Amino acid sequence: MTWLSAIIMGLVQGIAEFLPISSSGHLAIAEHLLNMQGASEIPQFYDVLLHLGTLVAVFIAYWDEIYDMIVEFFAGVGDLVHHTTPRAVPPARRMILLVIVGTLPLFVMVPFRRFFEGLSDNMYFIGGALLFTGVLLFVSDRVRRGGKTEKTARLSDALVVGIGQAIALCPGVSRSGMTITTGCFVGFERKFAVRFSFILSIPAILGANILSIKDAVDAGINWSEMPMYLIGVAVAAVTGYLCIRLLKMIADRGRFGAFAYYCWTVGALVLIFTIV
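Residues numbered from 1 in each chain as written. Predicted model: local features only at pLDDT ≥ 70, side-chain atom pairs only at ≥ 80, totals over all residues. Heavy atoms only, no water.

(A) Representation of the overall build of the protein within the structure. Along its length, the protein carries 12 helices and zero strands. Listing every helix and strand of the protein by position from the N terminus yields α-α-α-α-α-α-α-α-α-α-α-α. In terms of C-alpha radius of gyration, the protein reaches 19 Å, essentially the compact-globule figure of 19 Å for 276 residues. Once the C-alpha set of the protein is aligned to its principal axes, its extents read approximately 60 × 45 × 35 Å. The buried share of the protein, taken over its 276 residues, is 51%. (Helix = DSSP H or I, 4+ residues; strand = E, 2+ residues; numbered from the N terminus. Rg over C-alpha atoms; globule rule 2.2 N^0.38 Å. Buried < 20%, exposed > 50% of the residue type's maximum accessible area, 1.4 Å probe, protein only.)

Okay, here's the thing in structure tokens:
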């Protein structure tokens, strides 16, 4: 690990984690460009910290919504204890239920985690997955605009989006791209599809880090490289926050086609250079 590679990896993580272009695919590409062949060559502890950096970006960007959900969580626990039920379920409490249901498909995929991690070294798979992500983004621009929000979305809608998030465990398939486009397919309002995608990433990122932290510690922590790690994490957090703001603006306009063309270009280049 060098200062330059730490900063580059932080930039790639911060940009690709939230823009619908696949952070896992771009990290794998960056590893090959930096001659860091194989995901195992990237310090596992640094990978965990990078994801925590992007998680901080989500909390900053959506703190008001997250705060309301925290308050409603404890209010809901109080209602259960006192056997009371509000006349109208608050939107933040419905959002909690939607996030819980949307996270369930990830538990089914946990036993296959090692398999998906191993695909990071397969550039043919990553190139094809980026092309697939581009198709999803292209089609999502052409589906009928929905109007569902946390007030009207069904639990089955959240489950479908959650299945999309589980599929995005494949490197090269964008998590945000899958969840946003799947949300559009089930009739979510564009802004809500983006917001739900990012809030849904919180338990996903936390869960992935919890599963990875033991392996990272067992692999050893090079404390002399910690300053590089922290700089990379800061870069990931700042760029992640800026990309969330950018995607919010794009959602207002309701078009993700530019990302489709980008994914097709990168995917095709990856396949061509891998073959050559």
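(B) Structural detail: the pattern of salt bridges. Taken as a whole, this structure holds six salt bridges when the rule is applied. Between aspartate 141 and arginine 190 there is a salt bridge whose closest N-O contact spans 3.6 Å. Within this pair, whereas aspartate 141 is found in the loop between helix H7 (123-140) and helix H8 (155-167), its partner arginine 190 is found in helix H10 (residues 190-219), the two being separated by 49 residues in sequence. Across this residue pair, the class does not change: aspartate 141 and arginine 190 are buried. A salt bridge links aspartate 157 to arginine 154, with the shortest nitrogen-to-oxygen separation between them at 3.5 Å. On the basis of relative accessibility, which here comes to 3%, the residue aspartate 157 falls in the buried class. One salt-bridge network, in which partners are shared between bridges, spans Glu72, Asp79 and Arg93. (Salt bridge = Lys/Arg side-chain N within 4 Å of Asp/Glu carboxyl O.)

(C) Structural view of the nonpolar core. By size, the foremost hydrophobic cluster in this structure holds 43 residues, and its most contacted members are Phe196 and Leu247. Per element, the largest residue contribution to this core is nine residues, and it comes from H10. Sequence-distant contacts of phenylalanine 196, that is, excluding residues within four places in its chain, are made with Met95, Leu98, Val99, Ala158, Val161 and Phe188. Within the second largest apolar cluster, 14 residues are counted, among which are Ala30, Leu50, Met226 and Tyr229. (Core = buried A, V, L, I, M, F, W, Y, C linked by side-chain atoms within 4.5 Å. Contact = heavy atoms within 4.5 Å.)

(D) Expanded view of unusual backbone geometry. The phi torsion at serine 22 lies on the positive side, around 75°, for a residue other than glycine. Along the chain, serine 22 turns up in the loop between helix H1 (3-18) and helix H2 (23-33). Classification of serine 22 by relative accessible area gives buried; the value is 0%. Within the chain, histidine 83 stands out as a residue other than glycine whose phi angle is a positive 55°. Here histidine 83 falls in the exposed class, since its relative accessible area comes to 74%.

(E) A look at the packing of aromatic side chains. Evaluated as defined, the whole model comprises 12 aromatic pairs. Seen in terms of ring centroids, phenylalanine 188 and phenylalanine 192 are 4.9 Å apart; in terms of plane orientation they differ by 65°. Their pairing is edge-to-face. Taken as a pair, phenylalanine 188 and phenylalanine 192 share a single burial class, namely buried. Among the aromatic side chains, those forming a connected cluster through ring pairs are Phe18, Tyr62 and Phe198. (Phe/Tyr/Trp six-rings, centres within 6.5 Å; stacked < 30°, edge-to-face > 60°.)

(F) Examining the environment of alanine 61 more closely. Here alanine 61 lies in helix H3 (residues 44-61). Between the alpha carbons of alanine 61 and leucine 106 there is a distance of 24 Å; along the sequence they are 45 residues apart. Those residues in contact with alanine 61 that lie beyond four places of it in its chain are Tyr241, Ile244 and Lys248.

(G) How the structure looks around the side chain of serine 174. Tracing the backbone through its elements, the reader meets serine 174 in the loop between H8 and helix H9 (175-185). Classification of serine 174 as buried rests on a relative accessible area of 1%. A polar side-chain atom of serine 174 sits 2.8 Å from the main-chain amide nitrogen of glycine 177. Setting aside its immediate chain neighbours within four residues, serine 174 contacts Leu19, Pro20, Ile21, Ser22, Thr133 and Ala168. (Polar contact = N/O pair within 3.5 Å; in protein donor to acceptor, adjacent residues only side chain to side chain.)

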